[in-house]
Amino acid sequence: MTERAEIDNIDKAREAEILKAEHELVWPSPEIRTNAWVTDYEALYKQSLDHPERFWAEQALALDWYKPWDKVLDESEKPFYKWFVGAHTNIVQNALDRHLHTHRRNKLALIWEGEPGDTRTFSYHALAREVAKFASVLRSMGVKRGDRVTIYMGRVPELVIAMLATAKLGAVHSVVYGGFSTEALADRIEDAQSRVLVTADGGYMRGKIVNLKQTADEAVQRSGYVEHVVVVKRTGHAVAMESGRDYWWHDLMNLPIASPRIETEILDAEHPLFILYTSGTTGRPKGILHTHGGYQVHVATTLRWVFDIKDEDRYWCAADPGWITGHSYIVYGPLILGATSFMYEGAPNFPYPNRWWQLIERYSLNILYTAPTAIRGLMRFGESWPQRYDLSSLRLLGTVGEPINPEAWRWYHRVIGQGRCPIMDTWWQTETGGFMIAPVPSVALKPGSATRPLPGIVVDVVTEDGKSCGPNEDGLLVVKRPWPGMLRTVYRDPDRFVEQYWSKFKDRGWYLTGDSARKDDDGYLWVIGRIDDVIKVAGYRLGTAEVESALVSHQAIAEAAVIGVPDDVKGSVIHAFCILRAGVQTPTEDDVKAHVRKEMGAIAVPSKITFVPSLPKTRSGKIMRRVLKARALGQPEGDVSTLET
Ligand code: WTA
């Protein structure tokens, strides 16, 4: 954890915005409020505080269980909490199987459009059938309960099918974002020790083909665990297929082994569902582990509360399934609720900045959930693009991933929501599994605030020594009670789980989020930003350590430090400071960028690289990133008494 000074240093701008927006109450329309799932937030919140276990049990009863739980919450080995102990379940039973006996059997589960404009749709029946067939394929490759399957592709339906097929078998998926590259993928395969990799020949992104298979091949070679590679033919360009290891998805799915008749495995509620790697304070990415029982309750319940999903709704979460938002709110949450989801392969502004608005009109979408960076990016093109389209189908809008600046909030509300659609600003993390702080559509909103904690969720803003901060005082955001969607551990590293999240307030049993925040006079929460070495670039979560390790793998670079500097569209961008090896020729900035792109992926490429003779360090050798940041921003360096001279 870096010093408090870091927060003070960078977030003056956010502070000024908060002060301005704090008194601006925006109420959803009476129609939206009265028809919302949650009409009385205060009452529901109070009920959840008075009887937390009973409260979550009631939410869990909305789902199917093969066998009910004996105990809602087991705190005997905290912080290794267990939920719905003794219950038997499988998230696929709730996401697919149970709908097949209802009117939803022939309802659309997924509407998909590719970047070139090709479309595919799946009813619940059709999706369940594809999932069952692919589960049979995986089983024929020897995948069984607890085995890890790594999935690496773009935003195509097969990604969703592969995730659900893995879960159906009780195996554990590890989805690696398709924008990551060789080193990032190899590290994740290696940590998960996956024997099976599911990928695609390529993906479309802004008119270009991303060569996923080639990256996958290099990663498989480096990591050394993978025995079988299944390849979805998406682009059709020529790729190398290694005989005996690589198989085309469509070939396998046409074989008799791809039987749709396969039972969903009956699992304990605490059986692992997925690992999702994310960046933390130090070192390599952490495999955040989620399990079937509590996670399904959390994502389904919160999605219904916040986005108010109705049976006839068409819902669009524009995130990527490769990140937690996609896991919880493209794949599992909407399917459990029996909703119709829309998924789009490409970027918002390709080939023109009308693409999203055209999609909303074409498919008559009711809910749009995206990130501040996308909103700011589209805002730059002006109002005339969205104004050419009929956006009257929209009822609710959402945002996630980083604090939204009130200016972007207002634009989203006024131009896209036409003043009619409330904005659900959802604060949560890979670790929390689902929404934690977010409005329900019956409460007053404030532009730039995620409002208040959801029922069942107890959060606070505290000082370093654990005292609740007063109104408008910056502090650490903590969660004070366990919640069903919480991470269960860091995969193969339980010590890191305890150390990272639970050690700071060990005696009190609070979860440390790694964010700073403040509460205003009305109890509304304003998240300020990260206080550790995580940088949010365009909403993507990157660890300084991982980017630095990609930099120093360049043959000319001896040491590197990266910082996030504010950016109008992306929130932050990366600025890298590198020390060269003795006697080498200085590489060009482009050469270093290309290297990072190859190792980590485009999202990790620094926007600026500065070669320096030394880096500011403490006497114990820790790089003082806040000093670098202050220098980069031309701000005072603050307390440098610990700086090595
Ligand atoms: C940030 C994304 C402000 C925060 C779901 C958090 C936000 C980190 C918001 C988790 C929001 C997410 N307002 N900040 N509405 N949502 N964050 O794991 O810093 O990719 O700790 O999960 O994103 O990022 P992650």
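Residues numbered from 1 in each chain as written. Predicted model: local features only at pLDDT ≥ 70, side-chain atom pairs only at ≥ 80, totals over all residues. Heavy atoms only, no water.

Caption draft 1: Representation of the packing of helix α4 (residues 41-50) against helix α5 (residues 52-60) in the model. Relative to each other, α4 and α5 sit at 120 degrees, their axes nearing to 5 Å. Classified by the interaxial angle, the pair formed by α4 and α5 is oblique. Side by side, α4 and α5 meet where Leu 44, Gln 47, Ser 48, Leu 49 and Asp 50 of the first sit next to Pro 52, Phe 55 and Glu 58 of the second. Looking at the contact of α4 with α5 residue by residue, the class counts come to four nonpolar, two polar and two charged. (Axes fitted to C-alpha atoms, helices over the stretch in contact; angles between N-to-C directions. Helix = DSSP H or I, 4+ residues; strand = E, 2+ residues; numbered from the N terminus. Parallel < 35°, antiparallel > 145°, perpendicular 65-115°, else oblique. Contact = heavy atoms within 4.5 Å. Nonpolar A, V, L, I, M, F, W, Y, C, P; charged D, E, K, R; others polar.)

Caption draft 2: Fine view of the pattern of salt bridges. In the structure shown here, the tally under the stated rule is 50 salt bridges. Here Glu 113 makes a salt bridge to Arg 355, at a shortest N to O gap of 2.8 Å. Of this pair, Glu 113 sits in strand β4 (residues 108-113) while Arg 355 sits in helix α14 (residues 355-363), and the two are 242 residues apart along the sequence. With a closest N to O distance of 2.8 Å, Asp 460 and Lys 480 form a salt bridge. Of this pair, Asp 460 sits in strand β21 (residues 459-462) while Lys 480 sits in the loop between β22 (475-479) and β23 (489-490), and the two are 20 residues apart along the sequence. By relative accessible area, which is 6% here, Asp 460 ends up buried. (Salt bridge = Lys/Arg side-chain N within 4 Å of Asp/Glu carboxyl O. Buried < 20%, exposed > 50% of the residue type's maximum accessible area, 1.4 Å probe, protein only.)

Caption draft 3: Layout of the site of the ligand. Among the 17 residues in the neighbourhood of the ligand, the closest are listed as Asp 425, Thr 426, Thr 430, Arg 530 and Arg 541. For the ligand, an oxygen atom lies 2.8 Å from a polar atom in the side chain of Lys 536. Residue Arg 541 places a side-chain N or O atom 2.6 Å away from an oxygen atom belonging to the ligand. Out of a free accessible area of 530 Å², the ligand has 96% covered by protein chains. The set of elements that each furnish at least two residues to the shell around the ligand consists of α13 (324-336), β20 (423-426) and β25 (525-530). When its residues are assigned to classes, the shell around the ligand shows six nonpolar, five polar and six charged. (Near = heavy atom within 4 Å. Polar contact = N/O pair within 3.5 Å; in protein donor to acceptor, adjacent residues only side chain to side chain. Areas by Shrake-Rupley, 256 points an atom, 1.4 Å probe, with all protein chains shown as cover.)

Caption draft 4: Representation of the pairing of strand β18 (residues 367-370) within the structure. The two faces of β18 match: Ile 367 and Tyr 369 on one face and Leu 368 and Thr 370 on the other face are all buried. Pairing of strand β16 (residues 314-317) with β18, which is carried by three bridges, proceeds in the parallel orientation. Across the sheet, Tyr 315 pairs through a bridge with Ile 367, a residue of β18. (Pairing = 2+ DSSP bridges.)

Caption draft 5: Up close: the packing of aromatic side chains. With the rule as written, the count across this model stands at 36 aromatic pairs. Each ring, one from Tyr 177 and one from Tyr 540, has its centre 5.2 Å from the other, and the planes form 35 degrees; the classification is tilted. Here Tyr 177, found in the loop between β7 (172-175) and α9 (182-192), pairs with Tyr 540, found in strand β27 (residues 540-543); they are 363 residues apart in sequence, far enough to count as distant. Tyr 540 gets classed as partly exposed once you look at its relative accessible area, which sits at 23%. Plain terms: the ring middles of Trp 316 and Trp 356 are 5.1 Å apart, the flat faces sit at 65 degrees to each other, and that makes the pair edge-to-face. Here Trp 316, found in strand β16, pairs with Trp 356, found in helix α14; they are 40 residues apart in sequence, far enough to count as distant. The same class applies to Trp 316 and to Trp 356, which are both buried. (Phe/Tyr/Trp six-rings, centres within 6.5 Å; stacked < 30°, edge-to-face > 60°.)

Caption draft 6: Seen up close, helix α15 (residues 372-379). Along α15, seven of the eight residues are buried, which leaves the element largely enclosed by surrounding structure. Residues of α15 that are buried include every one of Pro 372, Thr 373, Ala 374, Ile 375, Arg 376, Gly 377 and Leu 378, and no others. In this structure, the buried residues of α15 make contact with α14, β18, β19 (396-400), α17 (406-416) and β29 (571-580).

Caption draft 7: Geometry of the sheet that holds β20. Spatial ordering of the open sheet is given by β5-β4-β17-β16-β18-β19-β20, a layout of seven strands whose pairing is mixed. At either margin of the open sheet sits one strand with a lone partner, and together these are β5 (119-123) and β20. The sheet shows a mean angle of 20 degrees between the axes of neighbouring strands, taken without regard to direction.

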